[in-house]
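For reference, the chains in residue letters:
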Amino acid sequence: MIIANRLVLFLMVILTNYVCQQLAPLVGKKMPNVTTRVCYLASVIGAAYFISGTLFFAVMHVQLVYGNVVVTNLVTAALIALIVTGGVLAIVPGKKRYLTDHLIKTTFICVPILTLATVTQFPYHQYMLHLATAAGMYLLFAFALSGVRTRVEIAAIPKLLQGLPLDIVTLFLFYLSFSFLNGVFFNYLF
């Protein structure tokens, strides 16, 4: 993945966290906390993203190529992502407890954007490895950022760094801390 694809992945992680942050439970109500919602939503998005990427790879492997390949690959990936997202949301357990209308809409936004930004760019010879890495990176970063955000709420942080700037810096620090895996698995740095 190039840096633009990683930025899209980071923005989807931030979107996932921000949408769940807006649904913080009120005191005395029996609702899931923010971290639980983030983990649930990220798991649903990650599963739909991985399944849609795998189906896109299967379509490309069978060579069902039509028209202008650059355009039709994007259209095919988006259609597969939307269909898979609807299917995953239909069968996922516990959706009445954890998902609201806003979170369902977020899922229908995140999965196609992640799919369009990444799966059409993966090299064909190592496609599944790149897909598993990207889906795992999304899940890991979403879970970790959720935990960091709960700790940041109680910390004394300057106004200039609160919110989005701190989240982006945190995600890049996560990425740098895990970037050695690129050298181990893909033979390149960053």
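Placed above this text is the structure.
These numbers come from a predicted model, not from an experiment.

A.B. asks: Please set out the overall build of the protein residue by residue, giving values where relevant.
C.D. replies: Broken down by element type, the protein carries 8 helices and 0 strands. Walking the protein from its N terminus toward its C terminus, one meets helices and strands in the order α-α-α-α-α-α-α-α. The C-alpha atoms of the protein give 17 Å as radius of gyration, which agrees with the globular expectation for 190 residues (16 Å, within 12%). Each principal axis of the C-alpha distribution contributes one length, and for the protein these read about 55 × 40 × 25 Å.

A.B. asks: I'd like to hear about a nonpolar patch on the surface, residue by residue, with values.
C.D. replies: Nonpolar side chains collect at one region of the surface, where Tyr66, Val70, Val71, Val75, Leu79 and Ile83 lie side by side and expose about 590 Å² of accessible area between them. With respect to the helices and strands, Leu79 occurs in helix α3 (residues 69–91). A residue is classified by how much of its surface remains accessible, and Leu79, at 48% relative accessible area, is partly exposed.

A.B. asks: Lay out the pattern of salt bridges in plain terms, naming residues and giving numbers.
C.D. replies: As enumerated under the stated definition, the model contains 1 salt bridge in all. With a closest N to O distance of 2.7 Å, Arg149 and Asp167 form a salt bridge. Here Arg149, found in helix α6 (residues 127–152), pairs with Asp167, found in helix α7 (residues 164–178); they are 18 residues apart in sequence, far enough to count as distant. The buried category is assigned to Arg149, whose relative accessible area is 17%. A relative accessible area of 4% means that Asp167 is categorised as buried.

A.B. asks: How would you explain α7 if you had to name every residue and give the values?
C.D. replies: Given a rise of 1.5 Å per residue, 15 residues ought to cover 21 Å, and the 21 Å separating the end C-alpha atoms of α7 matches this to within 8%. For α7, the complete set of buried residues consists of Leu166, Asp167, Thr170, Leu171, Phe174 and Tyr175.

The rules behind each value
- Residues numbered from 1 in each chain as written.
- Predicted model: local features only at pLDDT ≥ 70, side-chain atom pairs only at ≥ 80, totals over all residues.
- Heavy atoms only, no water.
- Helix = DSSP H or I, 4+ residues; strand = E, 2+ residues; numbered from the N terminus.
- Rg over C-alpha atoms; globule rule 2.2 N^0.38 Å.
- Patch = residues over 30% accessible without salt bridge, like charges linked within 9 Å, V, L, I, M, F, W, Y side chains within 5 Å.
- Areas by Shrake-Rupley, 256 points an atom, 1.4 Å probe, with all protein chains shown as cover.
- Salt bridge = Lys/Arg side-chain N within 4 Å of Asp/Glu carboxyl O.
- Buried < 20%, exposed > 50% of the residue type's maximum accessible area, 1.4 Å probe, protein only.
- Expected span 1.5 Å × (residues − 1).

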